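Structural description and commentary
Spelled out from the first residue to the last, the chains are:
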Amino acid sequence: MSNIGSYEEKVKNFSWSTVETELGYTPGDVINIGWYCSDRICAMGKAGKTALLWENAQGEKKQYSYNDVRLYSNTVGAYLRSLGIHDGERVCLFMDRVPELYIGLLGILKIGAIAQPLFSAFGEDSLWVRLENAGTRAIITQRKHVSKVRKILDRLPELQYIIIVDHDGKRELKEKETAFFMEDEKVETLEIFPTLAETPSIIHYTSGTTGQPKGVKHVHYSLISQYLTAKWVLDLQENDIYWCTADPGWVTGTSYGIIAPWALGVTQCVLDSGFSAEAWYSFIERYKVTVWYSAPTAIRSLMKAGEEPVRRFDLSSLRHLVSVGEPLNPEAVVWSERVYGLPFHDSYWQTETGSIMISNYPGMKIKPGSMGKPFPGITGVVLNTQTYEPITEPGVIGLIAFRPGWPAMMRTYWNNEATYRNKFRNGWYLPGDRARLDADGYFWFVGRDDDVINTGGHLVSPFEVESALLEHYAVAESAVVAKPDEINMEVVKAFVALKPDYEPSAELELDIMNFIRKRLSPLAMPQEIEYVENLPKTRSGKIMRRLLHAKEWGEEIGDTSTLESD
Ligand code: WT7
């Protein structure tokens, strides 16, 4: 029996207050995610239960009980406090998927500070923009990432501490650096900061079309949504071994890779290593994973690896599969049903929504290629792009929209209230995606309503890449668009006009690619650079990305009347 039982029934009788009761939370009381994910589970008699099973690429293994998570998150909290860090200050987590990242997040939240998780593959430019915007006071990191922080340190006056979790003494600690070993001490009691429902918890940075990335501000009350969606969509139950393949540098990795499973007192496992079909299947076999939350790019890569590796491993522990982050093609659903005996259930949401908004629920009929239906308690519609009125006829493409007010919704963009307000029309929140509804009320994703590139489930801003390209010595101007890709669905492509003294060459192409990889990240690195003499522009001089995009995708170019004429 699934947790949700009947979807229709839950839609009919929905109230978030039943979750509050289940969590023993009374409106107005203290609500602290760090406490809910560790102390409360221990207090429920599950102190000895395994919270985290961890393994890395070298085969190193670690295991933590809920009591360990409670004690070590206390240790992190106490240490940050000893440095003078207090509630409301931003503490960045900049680490690979090591235990300190998962447990550290709870420690930050326990003292009422705001956690800022950042993807450890970020280069110094990506890192700087986000630390500068958040006015981050401390960064918790690993030795291997320290040099990236040092490169930008003099441009980050508010950053006071670089906390290194694996300092080995081979190199002297430099200015602002401190060494911290989470497991050196178990702090039995920590005074939990009395965070309330609206106290900020996490800032996640997400990319838009224009301007620099925006810091999405979440609050402790988000727990209510994250808890219930994990219960009903991921169907997490007492004896599950849960594996979320997302990195906590992105929202899936925190909402469903830290908060939800631990608030539910479930055992989760983490593989801190890159992708390979063999490594993943062997991980599922060894840990007897039952619930698996992954992403379409990974699923397409597994499809490419074929059925032979599937047969070599015992995957019979799996019982429920869910996907998120980008369009899940119908073939992937059909394939997974055939080879694993289980279909992937698509789920749709975004950094700003904080929790799953549309999904295929256990027990509900899956239409392969459809994202499913709105979560109970969520009013989701498709709006006419001109009038912003809900479209009632099936099959008509419009903008996805939600009635605001669910617990995990972002509260604003950090220092950017104007952009936040611009996400609303007629009282609807617009996530910036297009879809159509069918006659049964299922949502079918059509595409984004902006130029943001979704590569392998990660959003990349063309603006950010174009800005970085301008810093390259040979680049005069550029336009960055998505290019179709078999596995990642979209990858970054850059059209580049060179400065007068430079000639196009394969060597230069490689140099530009590497420049972006180092400054921004491997995700943002263009997979192709096309040299052009000029970029297509509007009469007012704006580069027409739309035109280049249409060419890449073999689409109708449409109205070009505003194109610059020579
Ligand atoms: C954007 C959000 C929170 C999930 C991780 C990504 C796209 C997300 C789906 C889906 C088609 C999807 C949307 C959305 N997206 N899920 N099931 N089908 N597209 O979070 O980085 O904030 O990206 O990813 O365009 O707006 P994010």
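As the structure is a computational prediction, the values presented were derived from the model and not from experiment.

Digging into the sheet that holds strand β15 (residues 358–359)
Hydrogen bonds along the backbone pair up the strands of a sheet, which may run parallel or antiparallel. Read across the sheet, nine strands follow the order β2-β1-β11-β10-β12-β13-β14-β15-β16 without closing on themselves; strand pairing throughout is mixed. Across the chains shown, the open sheet's two edge strands, defined by having one partner strand only, are β2 (61–65) and β16 (373–374). Sheet topology places strand β1 (residues 50–56) next to β2; five bridges connect them, and they run antiparallel. In the strand pairing of β2, L53 is matched with Q63. Here helix α12 (residues 296–305) sits on the sheet in contact with β12 (291–294), β13 (320–324) and β14 (344–348), set at roughly 120° to β13.

Looking at the sheet that holds strand β28 (residues 528–531)
Spatially, the three strands line up as an open sheet ordered β26-β27-β28, and their pairing is mixed. The two strands at the open ends of the sheet, each matched to only one other strand, are β26 (475–485) and β28. Each strand axis lies, on average, 25° off the axis of its neighbour in the sheet, ignoring direction. Two elements, strand β27 (residues 489–498) and β28, share four bridges in a ladder whose sense is parallel. Looking across to β28, one finds that V496 is bridged to Y531. Along the sheet, helix α16 (residues 462–470) makes contact with β26 and β27, crossing β26 at roughly 140°.

Considerations on the domain arrangement of the protein chain
Partitioning the protein chain into domains gives domain 1 (7–437) and domain 2 (451–553). Taking only C-alpha atoms into account, the centre of domain 1 sits 29 Å from that of domain 2. The interface is formed by 24 residues belonging to domain 1 together with 24 residues belonging to domain 2. Summed over both partners, the interface of domain 1 with domain 2 buries about 2000 Å², with 52% contributed by carbon and sulfur atoms. Contact with domain 2 buries surface across domain 1, with D125, S207 and T209 losing the most and accounting together for 26% of the total. In this assembly, domain 1 and domain 2 are joined by three salt bridges.

Some details on the pattern of salt bridges
Per the stated rule, a full pass over the model turns up 39 salt bridges. A salt bridge links E22 to K231; the nearest nitrogen and oxygen atoms lie 2.5 Å apart. In this pair, E22 sits in helix α2 (residues 17–22) while K231 sits in helix α9 (residues 222–232), placing the two residues 209 residues apart along the sequence. The partly exposed category is assigned to E22, whose relative accessible area is 36%.

A closer look at empty space enclosed by the protein
Unoccupied space between atoms shows up once a probe the size of one water molecule is rolled over them. Under the definition given, this model contains three cavities of 30 Å³ or more. As a volume, the largest cavity reaches approximately 90 Å³. Taken together, 13 residues make up the lining of the largest cavity; nearest its centre are F122, L459, V460, E464 and A524. Contributing elements (two or more residues each) for the lining of the largest cavity: α7 (124–134) and β25 (458–460).

Side note on the site of the ligand
Taken together, 19 residues sit near the ligand, with D346, S347, Q350, T351 and D433 positioned nearest. A distance of 3.3 Å separates a nitrogen atom of the ligand from a polar backbone atom of E326. Here R448 contributes a side-chain N or O atom positioned 3.2 Å from an oxygen atom of the ligand. Relative to its free-state accessible area of 560 Å², the ligand is covered by the protein chains to the extent of 96%. Element by element, the count of residues in the shell around the ligand is highest for β14, at three residues. Looking at the shell around the ligand residue by residue, the classes come out as eight nonpolar, seven polar and four charged.

Criteria and cut-off values
Residues numbered from 1 in each chain as written. Predicted model: local features only at pLDDT ≥ 70, side-chain atom pairs only at ≥ 80, totals over all residues. Heavy atoms only, no water. Pairing = 2+ DSSP bridges. Helix = DSSP H or I, 4+ residues; strand = E, 2+ residues; numbered from the N terminus. Contact = heavy atoms within 4.5 Å. Axes fitted to C-alpha atoms, helices over the stretch in contact; angles between N-to-C directions. Domains from an automatic or database assignment. Buried area = accessible area lost by both parts, 1.4 Å probe. Salt bridge = Lys/Arg side-chain N within 4 Å of Asp/Glu carboxyl O. Buried < 20%, exposed > 50% of the residue type's maximum accessible area, 1.4 Å probe, protein only. 1 Å grid on protein atoms, 1.4 Å probe; cavity = no way out; pocket = protein on both sides within 12 Å on 5 of 7 lines; lining within 4 Å. Points joined across faces, edges and corners; volume = space filled by probe spheres on them. Near = heavy atom within 4 Å. Polar contact = N/O pair within 3.5 Å; in protein donor to acceptor, adjacent residues only side chain to side chain. Areas by Shrake-Rupley, 256 points an atom, 1.4 Å probe, with all protein chains shown as cover. Nonpolar A, V, L, I, M, F, W, Y, C, P; charged D, E, K, R; others polar.

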